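Geometric and topological summary
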Amino acid sequence: MKDRKDKLGREIDINSIDRNRLKLNASDLPGLVAYATNASSALINPEDEGKIKSKALRAMHQQTAKQMDQLLEQMQPLIEQAAKLKKRVEVSELIYGAHISFEPMIGEIYHLYQKENEEHLLSIIAPNEWGESMPYKSWIATVELLADHTWQIID
């Protein structure tokens, strides 16, 4: 039977050795273990886990912020289109609630005014055609009637 002593001459208790742990630490592919397996192996220095995570977290935040900026830049034209469409709906609702004493024709230009009593009026007369005596409180918009009976804001 072999000598059950280590290099320092101490008795080795075979029953206290965790053989499963030794199997996990041994490898047929020494390049896969997290430590040097012989004297000529590359030097492996343990890294500070907090430092690694901090760098990774910072890089992730920078990358996602860059992607968010790109998305916002791509969304900007859609936001502007939505704002124009919202304004178009608001003006169309004012027009269809306004006093109209004629039948508007598709493709023609009209002008929306607000009266002193806060009612609205659609007119064929432009603001600059009234001269200095415009009879309404304010001019709201210049519009064109489209084929789908929505109003495009010209000015």
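The structure presented is a predicted model; accordingly, all values stated were derived computationally and were not measured. Starting from 1, residues in each chain are numbered consecutively following that chain's sequence as written. Totals for whole chains, interfaces and linings use all residues, but because this is a predicted model, local features are given only for residues with pLDDT of at least 70 and pairs of side-chain atoms are given and counted only at 80 or more. Derived side-chain values reflect all non-hydrogen atoms in the structure, with water molecules and hydrogen atoms excluded from consideration.

Of regular secondary structure, the protein chain possesses two helices and four strands. Secondary structure elements are taken from DSSP: a helix is a run of H or I of four residues or more, a strand is a run of E of two residues or more, and numbering for both begins at the N terminus. Going from N to C terminus, the protein chain has its helices and strands arranged as α-α-β-β-β-β. The cut-offs for exposure are 20% and 50% of the maximum accessible area for each residue type, with area from a 1.4 Å probe on protein chains only; residues under the lower value are buried, those over the upper are exposed, and the others partly exposed. Among the 155 residues that make up the protein chain, the fraction classed as buried is 14%. Any two residues whose heavy atoms approach within 4.5 Å are treated as being in contact. Once local pairs closer than 6 in sequence are excluded, the contacts in the protein chain between residues at least 24 apart make up 38%.

Here we take up the side chain of His111. Among the structural elements, His111 can be located in strand E1 (residues 109–114). Relative accessible area serves as the criterion here: at 8%, His111 is assigned to the buried category. As used in this structure description, the phrase polar contact means that two N or O atoms lie within 3.5 Å; if the pair is within protein, one of them must be able to donate a hydrogen and the other to accept it, and residues adjacent in sequence are counted only when both atoms belong to side chains. Of note is the side chain of His111, whose polar atom sits 3.1 Å from the side chain of Thr142. Not counting the four nearest positions on each side in its chain, His111 is found in contact with Leu121, Leu122, Ser123, Ile124, Ile125, Ala126, Pro127, Trp139, Ala141 and Thr142.

Of all the six residues making up E1, five are buried; the element is thus mostly covered by neighbouring parts of the structure. Sheet topology places E1 next to strand E3 (residues 138–145); six bridges connect them, and they run antiparallel. By the bridge assignment, Ile109 is partnered in E3 with Glu144. Relative to strand E2 (residues 120–123), E1 runs antiparallel, the two being bridged by four bridges. Residue pairing in the sheet places Leu112 in a bridge with Leu122 of E2. Between any two strands, pairing holds if DSSP finds at least two bridges. The turn joining E1 and E2, which pair antiparallel and follow one another in sequence, is formed by five residues; a positive phi near 75° is taken by Glu118.

Its place among the elements puts Val91 in helix H2 (residues 49–96). Considered as a pair, Val91 and Ala141 are 50 residues apart in the sequence and their alpha carbons are 7.7 Å apart. The contacts of Val91, once residues within four sequence positions are left out, are Leu112, Ala141, Val143 and Ile153.

For H2, which comprises 48 residues, the first-to-last C-alpha distance of 67 Å matches the rise-based estimate of 70 Å (1.5 Å per residue) to within 8%. Axes are fitted to the seven residues ending at a residue and to the seven starting at it; the angle between these axes is taken as the bend at that residue. Maximal helix bending in H2 amounts to about 35°, located at Met75; proline Pro77 follows within four positions. Here the expected span of a helix is defined as 1.5 Å times the quantity of residues minus one.

So, on to the packing of aromatic side chains. Ring geometry is summarised as follows: Phe, Tyr and Trp rings, the Trp one being its six-membered ring, pair when their centres sit within 6.5 Å, and such pairs are stacked at plane angles under 30 degrees, edge-to-face over 60 and tilted between the two. Tallied over the full model, the rule gives six aromatic pairs. Taken together, a centroid distance of 5.3 Å and an interplanar angle of 25° make the contact between Phe102 and Tyr110 stacked. Centroid distance Tyr110 to Trp151: 6.0 Å. Interplanar angle 75°. Geometry classified as edge-to-face. Of this pair, Tyr110 sits in strand E1 while Trp151 sits in strand E4 (residues 151–153); the two residues are 41 residues apart in sequence, bridging distant segments of the chain. In this structure an aromatic cluster arises from ring pairing among Tyr96, Phe102, Tyr110 and Trp151.

Function cannot be read off these values alone, since they describe shape.
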